[in-house]
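# Summary of the model geometry
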Amino acid sequence: MQSATLKQQAVSKARKTDSMGRIGRYGRMLAPAAARPSAILEVVIGMVVIVGICYAIRPADPILLGIGFPWIWLAATVFAVRYGASLGVLAGLCIAVAWALLYGTSGDAEFPTMLFVGGFAQLVITGHFCDVWANRMKRMQSAQDYLDDRLASLTNNHYLLRISHQNLERTLLTQPSTLRDAVRYLRDLPVSNAQDETLPNAQSMLEFAARSCQLGAASVFCVSGNGPKFRVVASVGESFALDADDPLVRECLEQRVLVHLRHIDNEESAYLACVPIISASQELMGILVVRLMPFLSLNFDNLQLLLVLLSYYADSIEQQEIVTSVQAGVSQCPYEFALEIGRLGHMQQISGVPSSLVALVFPHEPLAESLLNQVLRQHRALDLRWTFNTEHAQVLITLMPLTDENGISGYLLRLEDEFRKQFDTNLTEAHVAVHIGAIDANLATYGLEGILERCGYRA
């Protein structure tokens, strides 16, 4: 790990070095990346040394005025290229001082005005280009540093995202259920015929709830008698005896609602959550007590899912009560259809999870008959259907669990597409009436009667 960090630092350093261009050692000597504070002394001393060398070579002409080309200005130009216009002009002033000291003492020496004007112009132009490119390189370096920081940040975020994704995959492998999966699983649980079994299939239900909601240790206790008395009927994880005097248990039994530690802030409890199991006749049949579960799983959504699972399970115990309440208003409603609409109505009442009814009314026509058969061939896994005839039409009622208005719109659009492909028509052209209703526990027969009246059904 340390070697990788050192390697990354070396690469970063190399990037910063190369950001000014791969110019080599001598190129960096000629044009360094940045001006140093000692550059002024370097320019002055450098020009003094150069004038001294010229004086040693030509004592009579130390700044080389009489050889046809002003070579000493080339040295000043190098400093302008190296440090910019300001220090380039300083180098030119050093040449002017040298002329004043070495030539100006004699009265017959005439100052070479045009030579110095041209030399200073050359220094200013060359130095200006140096300044412009230095500023550009600084901006490029700033942009590169920003991009390097962003790349490092994105790399770290990508690494954390990959770790999070791996953890999520591992979690989903042990938590396979969505609410649709839960409904499908609990619907398929067999009905027990044992007369003394108050909570049938409790172990299967609890094991599924433990996988879905990540329960570490939990038990289902059957409630009976006036005491009440508790008897464990199912458990996952380490088993434990129920403390009836625990404040969380007392709160759950008194209020008949899901409670967790937040509801008893001023008291201590040995448990994390308690969920009542209430039948369709509002009888308290049992209680699920959670003793251990991961901290991150102890959230509102997870506990709400647990409450929905237990509610749906409890409704499956007293099936006759639910079916009777629905068939009292709609006598011809099939048993399974009535049971499911009651379960979903109860689910909507305690958790607000929507479910819907879609009624398609097909006239007694050959085309409509073909359309009805096409719809019957397209069946979603959770949907339940009820078909019946009236005097003027055939009616198909589809119960769509856990489906809101958007889901219904998608369902109808798929039907339209199929009709267009197969029969070159749509619902309107085929005179197929569509009636939509939401399952509502506050309505008679959970809203089934209302949608049937719109379809022309008479009990």
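Look up: the structure comes first, before these words.
The paragraphs below set out a description of the structure included in this document.

Turning our eyes to something else, we now look at the pattern of salt bridges. Scanning all chains against the criterion turns up five salt bridges. The shortest N-O distance in the salt bridge between arginine 82 and glutamate 42 comes to 3.1 Å. Of the two residues, arginine 82 is situated in helix α4 (residues 71–83) and glutamate 42 in helix α3 (residues 39–57); the sequence distance between them amounts to 40 residues. You can call glutamate 42 partly exposed: its relative accessible area is 25%. Here the salt bridges do not stand alone but share partners, grouping Arg187, Glu340 and Arg343 into one network.

What follows concerns the packing of aromatic side chains. All told, the structure shown has twelve aromatic pairs when counted by the stated rule. A ring pair is formed by phenylalanine 111 and phenylalanine 116, whose centres lie 4.7 Å apart and whose planes are at 25°; its orientation type is stacked. On the basis of relative accessibility, which here comes to 3%, the residue phenylalanine 116 falls in the buried class. Seen in terms of ring centroids, tryptophan 386 and phenylalanine 388 are 4.9 Å apart; in terms of plane orientation they differ by 45°. Their pairing is tilted.

Our next topic: the sheet that holds strand β3 (residues 259–260). The antiparallel open sheet is built from five strands, whose spatial order is β2-β1-β5-β4-β3. Of all the strands in the sheet, just β2 (229–236) and β3 have a single pairing partner and so form its edges. Pairing of β3 with strand β4 (residues 273–278), which is carried by two bridges, proceeds in the antiparallel orientation. Residue pairing in the sheet places valine 259 in a bridge with cysteine 274 of β4.

Our focus in this paragraph is the pairing of strand β7 (residues 384–389). Covered by surrounding structure in β7 are Leu384, Trp386 and Phe388 only, the residues Arg385, Thr387 and Asn389 on the alternate face being uncovered. Judged from the six bridges that link them, β7 and strand β8 (residues 393–400) form a sheet pairing that is antiparallel. Bridge pairing in β8 links leucine 384 to leucine 399. What sits between the antiparallel neighbours β7 and β8 is a turn of three residues.

Reading the values: rules and limits
- Residues numbered from 1 in each chain as written.
- Predicted model: local features only at pLDDT ≥ 70, side-chain atom pairs only at ≥ 80, totals over all residues.
- Heavy atoms only, no water.
- Salt bridge = Lys/Arg side-chain N within 4 Å of Asp/Glu carboxyl O.
- Helix = DSSP H or I, 4+ residues; strand = E, 2+ residues; numbered from the N terminus.
- Buried < 20%, exposed > 50% of the residue type's maximum accessible area, 1.4 Å probe, protein only.
- Phe/Tyr/Trp six-rings, centres within 6.5 Å; stacked < 30°, edge-to-face > 60°.
- Pairing = 2+ DSSP bridges.

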